[in-house]
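One-letter residues, chain by chain:
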Amino acid sequence: MTFLPRGLGVRLLACSLVLTACAETRGTPDAGTPPVVAWDGTSTPIEEKSDWIDRGVFAPCEFTPPLGTEIDCDTPALFNLSQCNPSALRTASRHGIYQTELRPDTGEYPWGGAGLLLPEGGGTGTSNFDRFTRQQFDDQGMLLTSVFTTTRGVAIKTALAGCDVPQPHHITGCYAVCTNGVLTEKGTFDADRLVLSRGEAESSGGLNLVSESVVGIGHPVDVYVTKNHAYVVSIQLKPDMPSGGLTVFDVSDRNHPVLKKVISLPGDGYWNAAWAKDDVLYVATKASGVILYDISNPGDPTYLRSVPSGAPPNVHTLFVDGNRLYAMALRPAQTIIFDITSPRDPVLLNRVVFSSEEFVTSYPHDSFAYEGRLYINHTDIGFLVTDPSDPMQVKELGKYHYNRQYSHASAVGTFAGRTIAFEGSEQEGAHLRVLDVTDPANIQLIGEHRLRPTTSIHNMILKGTKLYVAWYQEGVRVFDVANPTLPKEIAWFNAYRETDPKRLGVVYEGVMGMRVPGDGFVYAVDTSRGLLIFNEP
């Protein structure tokens, strides 16, 4: 997860169902889908539709001034609601967590969505962290306004006016965005109260919760499991929020994990990923680069050092492949390669930079090493296939790119003699893509699976022909990908609950980190609930 501004309006700091050829199913995982059969390796490329599919205008209302007008968006009289259905709005839930799909009047790709947290009892709600400056939601209608000020002092005001309730737990309406007092975007929205509109049981397919352990520091985001211990890392979302760090659980008894140690460092509260080799745990941090801990006594990690030397980069994710450690750094943007033949003494081999004149803000978010190739999710540049055999001359073999891409996570395997990559973006509507990367110079999209247009994938784990996906508010999703062109959902667990403590009402919360180490259990991290352990279905 990366909280970075990505455009105007209500993009968070750090994504009715959309039907496709590989559309989701609801209720029973087998409903309406044929049984998975062995794949013979043949496929037909399908159209890339990007993460956002335009579903058309959501409501018969509008913010009347034209774009470019100097105006205050928080002006109720400027919303034309004459064709709306106020009686339906009176029936809408006035509390809970909604994720909102914004559709600009231009029909262009939206900059993002709005997460709305409306507390019970009349307390002040928020939109993507920012408290409402106007919060009217009563029998007279709905008008919500918030203001976000960037680090450069740009004030972005967003106003949403309710219009109708076309289906249970959905509110539609129109919105306006003013940037420093100028109307820069307007359109209609569909707000989805995620928990109630899901229409599913808590779990299905035999994915059952074995235990749940609270993580007391920061915002838990990832986990690594080794030596019968789970190492959970947490981040500090904002300076005024709790600092993150490392929480260690003894999971010898998966039904009853035991908290063993909590570690944090002054001035470094953003710990985003963990990996281990032998008796060394590597942790990706924002302020210290990669921190090494000795875990020869697994319940009592002891600090060794941080790498690389010099000014530490903001390291976001890690991947260990044999004697190589790949560290993905956001700032400065680079893929850092270490030799860890001696795990306690990493040797820096190279800092690789992939650049593009068009996407100057791109950075490597995640990576996956497989059969001599390093697959890099390089956000805006695309999904890169590289050859790292010579770490001093890493070669780019090919890439896959689509409109408004934010390539985030992947997993790669071999199916019917073809090299297949499962890729996911991170934004509203981010979904599962299946790519044939056998020929990196000619990557083909051969399958996909979409859930709701207001939720996002975070990470994924491939084990044989099962793909486990951490899908934020959609929880843990398990797919049979024996035929990768037709991913079949076979199990899930809906971990997201509005009533959980520390829920923020943003798109980037829910199930994030996950490991399936082959011990019969699935380990997942939910940003509010902490460490969740399931039986492996």
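That block above? That's the structure.
Residues numbered from 1 in each chain as written. Predicted model: local features only at pLDDT ≥ 70, side-chain atom pairs only at ≥ 80, totals over all residues. Heavy atoms only, no water.

### Digging into the overall build of the chain
Thought 1: Scanning the chain from terminus to terminus reveals 2 helices and 39 strands.
Thought 2: Relative to its length of 537 residues, the chain is compact, with a C-alpha radius of gyration of 23 Å against a globular reference of 24 Å.
Thought 3: The C-alpha extent of the chain, read off along each of the three principal axes, is 70 × 55 × 50 Å.
Thought 4: Only carbon and sulfur atoms are counted for the fraction: they give 50% of the accessible area of the chain, which is about 19700 Å².
Thought 5: Here the chain contributes 44 positive and 60 negative side-chain charges, whose respective centroids are spaced 3 Å apart. (Helix = DSSP H or I, 4+ residues; strand = E, 2+ residues; numbered from the N terminus. Rg over C-alpha atoms; globule rule 2.2 N^0.38 Å. Areas by Shrake-Rupley, 256 points an atom, 1.4 Å probe, with all protein chains shown as cover. Lys, Arg positive; Asp, Glu negative; His and termini not counted. Charge placed at Lys NZ, Arg CZ, Asp CG, Glu CD.)

### Details of the environment of Asp-51
Thought 1: As for its position among the elements, Asp-51 is in the segment before β1 (62-63).
Thought 2: Put simply, Asp-51 and Gly-413 are 362 residues apart on the chain and 23 Å apart in space, counted from C-alpha to C-alpha.
Thought 3: Non-local contacts of Asp-51, meaning those with residues more than four positions away in its chain, are made with Tyr-109, Tyr-402, Ser-425, Gln-427, Glu-428, Gly-429, Ala-430, His-431, Arg-433 and Arg-450.
Thought 4: Within the local environment of Asp-51, its side chain forms a polar contact with the side chain of Gln-427, the two groups lying 2.7 Å apart. (Contact = heavy atoms within 4.5 Å. Polar contact = N/O pair within 3.5 Å; in protein donor to acceptor, adjacent residues only side chain to side chain.)

### Here's the deal with the environment of Glu-474
Thought 1: By the secondary structure assignment, Glu-474 is in the loop between β34 (466-470) and β35 (476-480).
Thought 2: Judged by relative accessible area, Glu-474 falls into the buried class, the value being 0%.
Thought 3: Residues Glu-474 and Ala-495, 21 residues apart in the sequence, show an inter-C-alpha distance of 7.6 Å.
Thought 4: There is a polar contact of 3.0 Å between the side chain of Glu-474 and the side chain of Thr-455. (Buried < 20%, exposed > 50% of the residue type's maximum accessible area, 1.4 Å probe, protein only.)

### Examining the pairing of strand β25 (residues 366-370)
Thought 1: Of all 5 residues that make up β25, 4 are buried, and the element is covered over most of its length.
Thought 2: As defined by bridge partners, β25 adjoins strand β26 (residues 373-378) across 5 bridges and the pair is classed as antiparallel. Bridging across to β26, Tyr-370 finds its partner in Arg-373.
Thought 3: Once β25 ends, the chain turns through 2 residues before running back antiparallel as β26, passing Glu-371 with a positive phi of about 45°. (Pairing = 2+ DSSP bridges.)

### Digging into the state of the cysteines
Thought 1: Inspection of the entire model under this criterion finds 2 disulfides.
Thought 2: Each sulfur of the disulfide joining Cys-73 and Cys-178 lies 2.0 Å from the other. Disulfide Cys-73-Cys-178: the torsion about the S-S bond is 90°, which places it as right-handed. Of the two residues, Cys-73 sits in the loop between β1 and β2 (79-80) while Cys-178 sits in strand β9 (residues 170-179), which places them 105 residues apart along the sequence. The exposure classification of Cys-73 matches that of Cys-178, with both residues buried. (Disulfide = S-S within 2.5 Å.)

### As for unusual backbone geometry
Thought 1: For the bond running from Val-307 to Pro-308, omega is -5°, close enough to zero to count as cis.
Thought 2: Here Pro-308 shows up in the loop between β20 (302-307) and β21 (314-321).
Thought 3: The amide bond that connects Arg-331 to the next residue, Pro-332, takes the cis arrangement and shows omega of -10°.
Thought 4: Take Pro-332: it is sitting in the loop between β22 (324-331) and β23 (334-339).

### Overview of the environment of Tyr-363
Thought 1: Mapped onto the elements of the fold, Tyr-363 is located in the loop between β24 (347-352) and β25.
Thought 2: With 94 residues separating them in the primary sequence, Tyr-363 and Ile-457 have C-alpha atoms 18 Å apart.

### Points about the sheet that holds strand β5 (residues 126-127)
What links the strands of a sheet is backbone hydrogen bonding, and the strands pair in either a parallel or an antiparallel sense.
Thought 1: Strand order in the closed barrel formed by 8 strands is β3-β4-β5-β6-β7-β8-β9-β10, and the pairing between neighbours is antiparallel.
Thought 2: Here strand β6 (residues 130-138) runs beside strand β7 (residues 141-149); their pairing, made up of 6 bridges, is antiparallel. For Gln-136, the partnering residue across the bridge sits in β7 and is Leu-143.

### Notes on the pattern of salt bridges
Thought 1: Across all of its chains, the model carries 28 salt bridges by this definition.
Thought 2: Put simply, Arg-452 and Asp-192 hold a salt bridge, and the shortest N to O gap is 3.9 Å. Of this pair, Arg-452 sits in the loop between β32 (444-449) and β33 (459-463) while Asp-192 sits in strand β10 (residues 182-193), placing them 260 residues apart in sequence. Each member of the pair Arg-452 and Asp-192 is classed as buried.
Thought 3: A salt bridge links Arg-193 to Glu-498, with the shortest nitrogen-to-oxygen separation between them at 2.8 Å. Linking Arg-193 in strand β10 with Glu-498 in the loop between β36 (488-493) and β37 (511-515), this pair joins segments that are 305 residues apart in sequence. Comparing Arg-193 with Glu-498, the two get one shared label, buried.
Thought 4: Shared partners join several salt bridges into a network, and the residues in it are Asp-192, Glu-200, Arg-452, Glu-474, Arg-477 and Glu-489. (Salt bridge = Lys/Arg side-chain N within 4 Å of Asp/Glu carboxyl O.)

### As for the packing of aromatic side chains
Thought 1: Counted according to the given criterion, the structure contains 14 aromatic pairs.
Thought 2: Ring geometry for Tyr-375 against Phe-383: centres 6.0 Å apart, planes inclined by 20°, an arrangement best described as stacked.
Thought 3: Cluster of aromatic residues (ring-pair linked, three or more members): Tyr-224, Trp-275, Phe-319 and Phe-368.
Thought 4: Positioned above the aromatic ring of Tyr-402, the side-chain terminus of Arg-433 is 3.5 Å from the ring centre.
Thought 5: Sitting over the face of the ring of Trp-275, Arg-515 holds its NZ or CZ atom 4.5 Å from the ring centroid. (Phe/Tyr/Trp six-rings, centres within 6.5 Å; stacked < 30°, edge-to-face > 60°. Lys NZ or Arg CZ within 6 Å of the ring centre and 35° of its normal.)

### Describing the sheet that holds strand β13 (residues 219-226)
Thought 1: Across the sheet, 4 strands lie side by side as β13-β14-β15-β16; this open sheet has antiparallel pairing. The open sheet has two free edges, formed respectively by β13 and β16 (258-263), since each of these has just one partner strand. Taken pair by pair, the neighbouring strands of this sheet meet at an average axis angle of 20°, ignoring direction.
Thought 2: Sheet topology places strand β15 (residues 246-250) next to β16; 5 bridges connect them, and they run antiparallel. From the neighbouring strand, Asp-250 faces β16, where its bridge partner is Val-258. (Axes fitted to C-alpha atoms, helices over the stretch in contact; angles between N-to-C directions.)

### Comments concerning the nonpolar core
Thought 1: By size, the foremost hydrophobic cluster in this structure holds 83 residues, and its most contacted members are Leu-281, Tyr-282, Val-290, Leu-318, Phe-422 and Leu-467.
Thought 2: Not counting residues within four places of it along the chain, the set of residues in contact with Leu-318 comprises Ala-273, Ala-274, Trp-275, Tyr-282, Val-283, Ala-284, Val-290, Leu-325, Tyr-326 and Ala-327.
Thought 3: Counting 21 residues, the second-largest nonpolar core is a separate cluster that includes Ala-88, Phe-137, Val-177 and Phe-189. (Core = buried A, V, L, I, M, F, W, Y, C linked by side-chain atoms within 4.5 Å.)

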